[in-house]
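So the chains spell out like this:
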Amino acid sequence: MKKIYLFALGTTMLAASCGHKQANSPLPVRPVKTAVAGRQSVIRKNFSGVVKAVEQVKLAFRVSGQIVSLPVSEGQRVKKGDLVAAINPYDLSLQYAADKSAYETAAAQLERNRRLLERQAISAQEYETSESSYQRARSAYELSANNLNECKLRAPFDGSIEQRFAENYQRINAGEPVVQLVNTRQLCIKFTVPDAYLYLLRSPDQQYLVEFDTYRSKSFRAKLDEYLDISTNGTGIPVSIVIDDPSFDRAVYDVKPGFTCSISMASDVAPFLKEELVNVPLSAVFSESEGKQTYVWTVKDNRVFRREVEVYSPTGEASLLLSSGLKPGETVVTAGVYQLTEGESVKVLP
């Protein structure tokens, strides 16, 4: 009986000892990946753009008439001064001849009246009337001469015929477009920036890289040409850039108006900031219960501590810029942020 009692007592003490050891055993250490917050003020954005001609114009006659010559076709290159179209000059020639004759008659009459006035053979009023008639005849004659010269439509600059709006032998009215001429040697790239990113365009330090969809293997540097400081119908800010890269050889890269491209924009916003921005990976920032507050887990002495931060903007490179809550050089957790608890011990993975 005594042996049974001693055995039971030993068993009880052993169980209590094991339970005490289990209760005091340390919690498992969670492995985490981390990153060091760095300084950054450059924001990168990507946009889609279209190539446009810097110079383009719809050519039209200043007089009405029937087209008798239209020697150009769509896509044809022309030089400055080349004939684009011509209208029948017959009616204008008749008007020119009539106005010229009236002008010469009025000029001769004015000269006769001047001599008569010197001899006081006519009144000053009669002379002034003839002078007025002369001025009207002269204006009509000069207008007819100009209209006769307008029978031929010539290219105002070197370029290509992008579109024809009329056909040969068609009667056309004054001001009605005949062709559209574009200068394919001087190109710009148009794209639209959302209203919220207007401050990026105002930065004094901007960089642009352009990659054409037709030539994916090469990017070209570009510079800002102009932008409208308004949003047209709420669709965004229209922006124009021009390529200034010496490697953009038009003989190799035959880019035409209408080509599409991708634009990578990098803008340094440091001049607009009161505080220094901190760059962290996108995965390091989280929120709880769909709240507006955002947080990161900082690591100190192998423990994690939640820190509220304020997001300034995405950088466009799977990272965020924080305007407050974190300092450069601090370590943050980048994976598994929703499984951690305040003060939990962690092991930083290499």
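Residues numbered from 1 in each chain as written. Predicted model: local features only at pLDDT ≥ 70, side-chain atom pairs only at ≥ 80, totals over all residues. Heavy atoms only, no water.

**What about the nonpolar core?**
Consideration 1: Phe-212 and Ile-241 are the most contacted members of the largest nonpolar core, which has 28 residues in total.
Consideration 2: Per element, the largest residue contribution to this core is 4 residues, and it comes from strand β13 (residues 187-193).
Consideration 3: Setting aside residues up to four positions removed in sequence, Ile-241 forms contacts with Cys-188, Ile-189, Phe-191, Tyr-208, Val-210, Ala-222, Lys-223, Leu-224, Asp-225 and Ile-263. (Core = buried A, V, L, I, M, F, W, Y, C linked by side-chain atoms within 4.5 Å. Buried < 20%, exposed > 50% of the residue type's maximum accessible area, 1.4 Å probe, protein only. Helix = DSSP H or I, 4+ residues; strand = E, 2+ residues; numbered from the N terminus. Contact = heavy atoms within 4.5 Å.)

**Let's talk about the environment of Asp-249**
Consideration 1: Turning to its location among the elements, Asp-249 is positioned in the loop between β16 (237-243) and β17 (260-268).
Consideration 2: Each C-alpha atom, one on Asp-249 and one on Ser-69, is 36 Å from the other, the two residues being 180 residues apart in sequence.

**Focus on the sheet that holds strand β12 (residues 177-182)**
Consideration 1: Read from one edge of the open sheet, 4 strands run β5-β12-β10-β7, paired in antiparallel fashion. The strands lining the two open edges of the sheet, one partner per strand, are β5 (56-60) and β7 (77-78).
Consideration 2: Of the pairings in the sheet, the one linking β7 to strand β10 (residues 159-164) comprises 2 bridges and is antiparallel in character. Residue pairing across strands places Val-78 opposite Gly-159, the latter belonging to β10. (Pairing = 2+ DSSP bridges.)

**Comments concerning the packing of helix α2 (residues 90-118) against helix α3 (residues 124-149)**
Consideration 1: Orientation of α2 relative to α3, taken along the N-to-C sense of each, is 155°, at an axis distance of 8 Å. Relative to α3, the element α2 is oriented roughly antiparallel. Once α2 is placed against α3, the crossing between them reads as left-handed.
Consideration 2: Taken together, the residues that form the contact of α2 with α3 break down as 16 nonpolar, 7 polar and 6 charged. (Axes fitted to C-alpha atoms, helices over the stretch in contact; angles between N-to-C directions. Parallel < 35°, antiparallel > 145°, perpendicular 65-115°, else oblique. Left-handed = near helix turned anticlockwise from the far one by under 90°. Nonpolar A, V, L, I, M, F, W, Y, C, P; charged D, E, K, R; others polar.)

**Re the pairing of β10**
Consideration 1: In terms of strand pairing, β10 meets β12 through 4 bridges, oriented antiparallel. Its bridge partner being in β12, Arg-164 is matched across the sheet by Val-179.

**What to know about α2**
Consideration 1: Taking 1.5 Å of rise per residue, 29 residues should cover 42 Å, and α2 covers 43 Å from first to last C-alpha, within 8% of that figure.
Consideration 2: Those residues of α2 that fall on the buried side of the exposure criterion are Leu-92, Asp-99, Ala-106, Leu-110 and Asn-113.
Consideration 3: Summarising the contacts, the buried residues of α2 are in contact with α3.
Consideration 4: Directly after α2, the chain includes Gln-120, whose backbone phi takes a positive value near 60°. (Expected span 1.5 Å × (residues − 1).)

**Quick word on the pattern of salt bridges**
Consideration 1: Inspection of the entire model under this criterion finds 12 salt bridges.
Consideration 2: A salt bridge links Glu-118 to Arg-114; the nearest nitrogen and oxygen atoms lie 2.8 Å apart. One end of the pair, Glu-118, and the other, Arg-114, are both in helix α2, 4 residues apart, so they sit about a helical turn from each other.
Consideration 3: A single network of salt bridges, built from pairs that share partners, joins Glu-111, Arg-114, Arg-115 and Glu-118. (Salt bridge = Lys/Arg side-chain N within 4 Å of Asp/Glu carboxyl O.)

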